[in-house]
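Structural overview for review
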Amino acid sequence: LLEESGGGLIQPGGSLRLSCAASDFIVTSNYMTWVRQAPGKGLEWVSIIYSGGTTHYADSVKGRFTISSDNSKNTLYLQMNSLRVDDTAVYYCARVSHYGDSLRDFDIWGQGTMVTVSS
Amino acid sequence: DIQVTQSPSFLSASVGDRVTITCRASQGISTFLAWYQQKPGKAPKLLIYAASTLQSGVPSRFSGSGSGTDFTLTINSLQPEDFATYYCQQLYSYPLTFGPGTEVDIK
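Residues numbered from 1 in each chain as written. Chains lettered and ligands numbered in written order. Predicted model: local features only at pLDDT ≥ 70, side-chain atom pairs only at ≥ 80, totals over all residues. Heavy atoms only, no water.

1. Overview of the pairing of strand 8 (residues 75-80) of chain A
Residues and elements named next belong to chain A. Where burial is concerned, most of strand 8 is hidden: 5 out of the 6 residues are buried. Bridge count for strand 3 (residues 16-22) against strand 8 is 6 bridges, and the pairing is antiparallel. Along strand 8, the bridge assignment pairs Leu18 with Leu78. Here strand 7 (residues 65-70) runs beside strand 8; their pairing, made up of 6 bridges, is antiparallel. Each bridged residue has a counterpart across the sheet, and for Thr66 the counterpart in strand 8 is Gln79. Hairpin remark: strand 7 followed by strand 8, antiparallel, with 4 residues in the connecting loop; positive phi at Asn74, about 50°. (Buried < 20%, exposed > 50% of the residue type's maximum accessible area, 1.4 Å probe, protein only. Helix = DSSP H or I, 4+ residues; strand = E, 2+ residues; numbered from the N terminus. Pairing = 2+ DSSP bridges.)

If you want it as structure tokens, here you go:
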């Protein structure tokens, strides 16, 4: 089970940190990812972190968002800085299945947390 | 970047129908493709991975096929709970990309 938190209303240029708490498995032993969905739109991949710490980002958030995880809290994070109106979306965390470094699918998803960027 | 397209974008069908959704990648992705189902207000749910492997617990009326650039999701004997939006996703290279979705509605 994954449970996101930390969403809310934020002004453009502001910062927000999303959390994704896991039960039933260890976050830092898995590959984990963030996906977002703007209102009425499709799914957009945001970022991924490997169990070894390697990270990748979508170009739309590179340099503004940072993915990380905390073993003691068994939680995944997404630090979002310099937020823009077009970052408005439901943000989902998910576990990533993989064979070595080959990704297979996103098999467990949280329920999502809404981030609204507006003045 | 690998672009992923889906067709149709909208499909109207009846209970019991056989439904086929097509997904196309802009370059070869072997079988690094997954399919998801999403219902309004809910998180996506994994249906198929590696293009054709059914996720545990998913009904056998769902099936996937394809490799390279062309893939299909088939739903045999559509059930009321299958009315939803379906997304394909390529996991071959970054950035990971989803198709735009296919909404399956009740005729």
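2. A word on the state of the cysteines
On inspection of all chains with the given rule, the structure shows 2 disulfides over all chains. Residue pairing for Cys20(A): its cysteine sulfur links by disulfide to Cys93(A), the two sulfurs lying 2.0 Å apart. The chirality of the disulfide connecting Cys20(A) with Cys93(A) is right-handed, given an S-S dihedral of about 70°. With Cys20(A) in strand 3 and Cys93(A) in strand 9 (residues 89-99), the pair connects residues that are 73 residues apart, well separated along the chain. Each member of the pair, Cys20(A) as well as Cys93(A), is classed as buried. With a sulfur-sulfur separation of 2.1 Å, Cys23(B) is cross-linked through a disulfide to Cys88(B). Because the sign of the S-S torsion sets the handedness, a value of about 80° for the bond joining Cys23(B) and Cys88(B) places this disulfide among the right-handed ones. (Disulfide = S-S within 2.5 Å.)

3. Section: the sheet that holds strand 7 (residues 62-67) of chain B
All names here are of chain B. The strand order across the open sheet formed by 4 strands is 1-3-8-7, and the pairing between neighbours is antiparallel. The open sheet terminates on both sides in strands that have one partner only, identified here as strand 1 (4-7) and strand 7. Within this sheet the neighbouring strands show an average axis-to-axis angle of 15°, counted without direction. With 4 bridges joining them, strand 1 and strand 3 (residues 19-25) adopt antiparallel strand pairing. The residue bridging Ser7 from the neighbouring strand is Thr22, located in strand 3. (Axes fitted to C-alpha atoms, helices over the stretch in contact; angles between N-to-C directions.)

4. Looking at the environment of Thr97(B)
Residue and element names in this part refer to chain B. Within the secondary structure layout, Thr97 lies in strand 10 (residues 97-98). Judged by its relative accessible area of 17%, Thr97 is buried. Note: C-alpha distance between Thr97 and Thr20 (77 residues apart in sequence) is 21 Å. A polar atom in the side chain of Thr97 sits 2.9 Å from the backbone oxygen of Ile2. (Polar contact = N/O pair within 3.5 Å; in protein donor to acceptor, adjacent residues only side chain to side chain.)

5. A word on the interface of chain A and chain B
Listed per partner, the contact involves 20 residues of chain A and 17 residues of chain B. Between chain A and chain B, a total of about 1,700 Å² is buried, with carbon and sulfur atoms accounting for 65% of that surface. Across the chain A-chain B interface, the total number found is 0 salt bridges. Inspection of the chain A/chain B interface yields 6 residue pairs in polar contact (both at pLDDT 80 or more). Of all the secondary-structure elements, those providing two or more residues to the side of chain A that touches chain B are strand 4 (31-37), strand 5 (43-49), strand 9 and strand 10 (102-109) of chain A. With 7 residues, strand 10 of chain A is the single largest residue contributor to the side of chain A that touches chain B. Partitioning the side of chain A that touches chain B into residue classes produces 10 nonpolar, 5 polar and 5 charged. (Contact = heavy atoms within 4.5 Å. Buried area = accessible area lost by both parts, 1.4 Å probe. Salt bridge = Lys/Arg side-chain N within 4 Å of Asp/Glu carboxyl O. Nonpolar A, V, L, I, M, F, W, Y, C, P; charged D, E, K, R; others polar.)

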